[in-house]
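# Observations on chain architecture
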Amino acid sequence: MLTSLTKAEEVYMAFGQDIPPYIFQKLNKGIEIDIISAALAHKGHTLRPLYFPLGRVPIAFKSKLVDAAMGDMGVNLKSSGGFYADPAVIYNNVFFTLKSKKLSIEQPSDLDTLRVVSFQGAEKRYPKWLKKLQKERRFYGVSDQLTQVKLLHYERYDVVLSDRYIFNYFVKEMMLMSDLEIHEVEEHKFTTVNPDDYRPVFRNEKVRDDFNLGLKKIKENGKFQRIYDKYLEL
């Protein structure tokens, strides 16, 4: 009996536009892209990133514009033929406020008078915290995460909801801009990270399985951590 060989696939995957240090669109590089690419390559598959505004990533999958998506952005994609994989990266989202404002955020009602800016789709990911703000037009979802940091420092918004690595990356970018003053910020943890929120989605179940195996292998051989270290040392 012959053992069938795995067919190598070109996997067109929807990613959000420019989310350093996870995604550098112009370079087709970043923590998330490199990890997913390495995991797929274990079984010979080739990653082909395609970029969309973050809120359109699940729409691209549902519309069959891509073979896979970096995540579902709070939209269940199983009914659209999606097979969920193990998480490649986990975003650790917290609230950031200016230290000078002396704000305390421990429950959703603490946001009742505040304006919050975050990534597109955050209101779907965290409806308990953001649904009321969205209804009252005090929530702004924007793909450009440098804009989020600027809006906080210009005091046009009171709170940024962002991943720690992303926020700190853009703070460093702002420090290179001599016309912008950098203020001290405070972090407010508001939720327990759920790895299931950050699972890539594939249309092909076999490719999903190959990805999961490859992800396990690069974690075992140290490549996973080396990718993180490479970008966080920048």
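One can find the structure itself at the top, above this paragraph.
Notes on the structure in this doc start here. (Residues numbered from 1 in each chain as written. Predicted model: local features only at pLDDT ≥ 70, side-chain atom pairs only at ≥ 80, totals over all residues. Heavy atoms only, no water.)

## Looking at the overall build of the protein
If you tally the helices and strands in the protein, you get eight helices and ten strands. Over its C-alpha trace the protein gives a radius of gyration of 19 Å, about what one expects of a compact globule, namely 17 Å for 234 residues. Counting only C-alpha atoms, the protein reaches 70 × 40 × 30 Å along its principal axes. Out of the 234 residues in the protein, the part that is buried amounts to 47%. (Helix = DSSP H or I, 4+ residues; strand = E, 2+ residues; numbered from the N terminus. Rg over C-alpha atoms; globule rule 2.2 N^0.38 Å. Buried < 20%, exposed > 50% of the residue type's maximum accessible area, 1.4 Å probe, protein only.)

## Notes on the sheet that holds strand β10 (residues 201-202)
In space, the five strands of this open sheet follow the order β2-β1-β3-β10-β4, with mixed pairing throughout. Across the chains shown, the open sheet's two edge strands, defined by having one partner strand only, are β2 (46-52) and β4 (83-84). Inspection of the sheet shows β4 paired to β10 by two bridges, in the antiparallel sense. The partner of F83 across the bridge, within β10, is F202. (Pairing = 2+ DSSP bridges.)

## Topic: unusual backbone geometry
P21 follows P20 through a cis peptide bond whose omega is 0°. With a phi angle near 50°, K102 is a residue other than glycine that sits in the positive phi range. Inspection of the secondary structure puts K102 in the loop between β5 (93-98) and β6 (116-118). By relative accessible area, K102 is classed as exposed at 73%.

## What about the sheet that holds β6?
A sheet is described by the order of its strands in space; here five strands give the open sequence β7-β6-β8-β5-β9, paired in mixed fashion. The sheet is open, and its two borders are formed by β7 (139-141) and β9 (185-188), each paired with just one other strand. Going across the sheet, the axis of each strand differs from the next one's by a mean of 25°, ignoring polarity. Of the pairings in the sheet, the one linking β6 to β7 comprises three bridges and is parallel in character. (Axes fitted to C-alpha atoms, helices over the stretch in contact; angles between N-to-C directions.)

## A look at helix α8 (residues 223-232)
Taken residue by residue, α8 has F224, I227, Y228 and Y231 as its buried positions. End-on, the buried residues of α8 take up no more than an arc of 95°, which puts them together on one face. Against the buried residues of α8 lie α1 (31-41), α6 (164-175) and α7 (205-220). (Arc of directions from axis to C-beta. Contact = heavy atoms within 4.5 Å.)

## What about the packing of α1 against α8?
For any two helices packed against each other, the geometry comes down to the angle between their axes and how far apart the axes lie. Where α1 contacts α8, the two axes come as close as 10 Å, and the packing angle between them is 160°. Between α1 and α8, the angle is such that the two are roughly antiparallel. Our pair here, α1 against α8, has a crossing hand that is right-handed. For the pair formed by α1 and α8, the contact residues are I31, D34, I35 and A38 on the first element and K223, F224, I227, Y228, K230, Y231 and L232 on the second. (Parallel < 35°, antiparallel > 145°, perpendicular 65-115°, else oblique. Left-handed = near helix turned anticlockwise from the far one by under 90°.)

## Considering the pairing of β5
β5 sits mainly inside the fold: six of its six residues count as buried. Sheet analysis places β5 next to strand β8 (residues 159-163), joined by four bridges and oriented antiparallel. Looking at the pairing, F96 lines up with V160 of β8. As paired elements, β5 and β9 share four bridges and run antiparallel to each other. Pairing of L98 across the sheet is with V185, part of β9.

## Notes on the pattern of salt bridges
The full count for this structure, using the stated rule, is 14 salt bridges. Taking the shortest distance from any N to any O, the salt bridge between R138 and E136 comes out at 2.7 Å. Take R138: its relative accessible area is 11%, and that puts it in the buried class. Between D196 and R199 there is a salt bridge; the shortest N-O distance is 3.9 Å. A residue is classified by how much of its surface remains accessible, and D196, at 42% relative accessible area, is partly exposed. Taking relative accessible area as the criterion, R199 reaches 22% and is therefore assigned partly exposed. Among the charged side chains, a salt-bridge network with shared partners connects D72, R125 and D197. (Salt bridge = Lys/Arg side-chain N within 4 Å of Asp/Glu carboxyl O.)

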